[in-house]
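Understanding the architecture of this molecule
Listed here are the chains, written in short residue letters.
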Amino acid sequence: MALVLDGVRVREAIKGECRPRIARLIERIGRPPGLAVILAGSNPASQVYVGSKTRTAAELGIYSETLTPPESVTTDELLAMVAALNARTEIDGILIQLPLPAQVDAARVLMAVDPAKDVDGFHPLNVGLLSTGRPGPRPCTPAGIIRMLKHYEIPMAGRRAVVVGRSDIVGKPMAMLLLAENATVTIAHSRTADLAGVCREADLLVAAIGRAAMVTKEFIQPGATVVDVGMNRITSAEEAARVFGQDPARMAQFEAKGSALVGDVDPRAMAEVAGAYTPVPGGVGPLTIAMLMVNTIESCERAASQTNWPQMNTDKHG
Ligand code: GUN
């Protein structure tokens, strides 16, 4: 039987570590960490995500506020909002929920966030700190995956890791974090020749492609650890039958709701071939928000201790 890597359990462990750190900060600086979220427009999925982020902050006692400019917001208006948040000392973290409306120059807006308040770890300065092994905020989803692998004592050093997907949010930072854990890392993607064969070499396979159940049995080395970052909503009965065919409970759920959440990995393949895997839902998803809280706390801790950040001394790599 494959080991199921339970994201809810790891999320609760992370939240448990957050509480005393927040209490210490309140004692030291007389205020909780502060997070500001910019949610532009009315993307329903973004509204759900941001609601979960601010609820989690409230539950932990982190101050949060959400700014909600309309869909028609301009790049300049967003730049002005970011500048105002950069200047507020009680705001430690600034998160710009993606995607931004089409007319906005998203790269410019993300670049305008003070790197010290960049709790997504998307600013090029922070990308550079990650890739050179210096302390700094790490993108939440890949950082959560590393936490989960450590929680379950899944070895990474010396193992072959294949990351499928090369996004700036997940694929690339995931590869850098695995490299920092001394894994031997390959980044594969939609243009990789013999993608299934490359994936089958992996002791640790991370799928972050954004295509429902694209990773099938042929991609998985028996006994490998499979991390499924995908969150795809499927609405067609054919697709549901292909993915859930032999799982009457999930077929019944699909029929009742008319849609279902599916990862990038065929759930049956994971359960049957992998040694350990993250389910969808309930695997990687719960970790992202928990790590956003950690990044907000760390940003506040850095501000409180006024450490010289970024630190330019490097970790040693062999
Ligand atoms: N939209 C989907 N995922 C994310 C994320 O991790 N951060 C931000 N800012 N927006 C997102």
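Because the structure is a prediction, the values reported are computed rather than measured.

1. What about helix α6 (residues 140-151)?
In an α-helix, one turn spans 3.6 residues; hence positions three or four apart end up facing the same way. Between its first and last C-alpha, α6 extends 16 Å over 12 residues, near the 16 Å set by a 1.5 Å rise per residue. Most of α6 is tucked away, with 9 of its 12 residues classed as buried. C140, T141, P142, A143, G144, I145, I146, M148 and L149 are the residues of α6 that are buried. E153 sits one or two residues past α6 and shows a positive phi near 55 degrees.

2. Let's talk about the layout of surface pockets
Computed from the structure, the largest pocket encloses a volume of approximately 1400 Å³. Lining the largest pocket are 48 residues, and of these Y49, T141, M231, G285 and T288 sit closest to its centre. Here the lining of the largest pocket is composed, by residue class, of 26 nonpolar, 14 polar and 8 charged. Computed from the structure, the second largest pocket encloses a volume of approximately 530 Å³.

3. As for the packing of aromatic side chains
As enumerated under the stated definition, the model contains 0 aromatic pairs in all. Above the plane of the ring of W309 lies R302, whose end atom (NZ or CZ) is 4.7 Å from the centre.

4. Some remarks on the site of the ligand
Close to the ligand lie L95, I96, Q97, L98, D120 and F122. At 3.2 Å from a nitrogen atom of the ligand is found a side-chain nitrogen or oxygen belonging to Q97. One nitrogen or oxygen atom from the side chain of D120 is found 2.6 Å from a nitrogen atom belonging to the ligand. In isolation the ligand has 280 Å² of accessible area, and contact with the protein removes 80% of it. Comparing atom positions with the cavity grids shows the ligand to sit within the largest pocket. Tallied by class, residues from the shell around the ligand come to 4 nonpolar, 1 polar and 1 charged.

5. What to know about the pattern of salt bridges
All told, the structure shown has 16 salt bridges when counted by the stated rule. The salt bridge involving R31 is made with D92; its shortest N-O contact spans 2.8 Å. Residue R31 is found in the loop between α1 (7-29) and β2 (34-38), and its partner D92 is found in the loop between α3 (75-87) and β4 (93-96); the two are separated by 61 residues along the sequence. Between R88 and E65 there is a salt bridge whose closest N-O contact spans 2.7 Å.

What counts as what
Residues numbered from 1 in each chain as written. Predicted model: local features only at pLDDT ≥ 70, side-chain atom pairs only at ≥ 80, totals over all residues. Heavy atoms only, no water. Helix = DSSP H or I, 4+ residues; strand = E, 2+ residues; numbered from the N terminus. Expected span 1.5 Å × (residues − 1). Buried < 20%, exposed > 50% of the residue type's maximum accessible area, 1.4 Å probe, protein only. 1 Å grid on protein atoms, 1.4 Å probe; cavity = no way out; pocket = protein on both sides within 12 Å on 5 of 7 lines; lining within 4 Å. Points joined across faces, edges and corners; volume = space filled by probe spheres on them. Nonpolar A, V, L, I, M, F, W, Y, C, P; charged D, E, K, R; others polar. Phe/Tyr/Trp six-rings, centres within 6.5 Å; stacked < 30°, edge-to-face > 60°. Lys NZ or Arg CZ within 6 Å of the ring centre and 35° of its normal. Near = heavy atom within 4 Å. Polar contact = N/O pair within 3.5 Å; in protein donor to acceptor, adjacent residues only side chain to side chain. Areas by Shrake-Rupley, 256 points an atom, 1.4 Å probe, with all protein chains shown as cover. Sits in = over half its atoms within 2 Å of the grid points. Salt bridge = Lys/Arg side-chain N within 4 Å of Asp/Glu carboxyl O.

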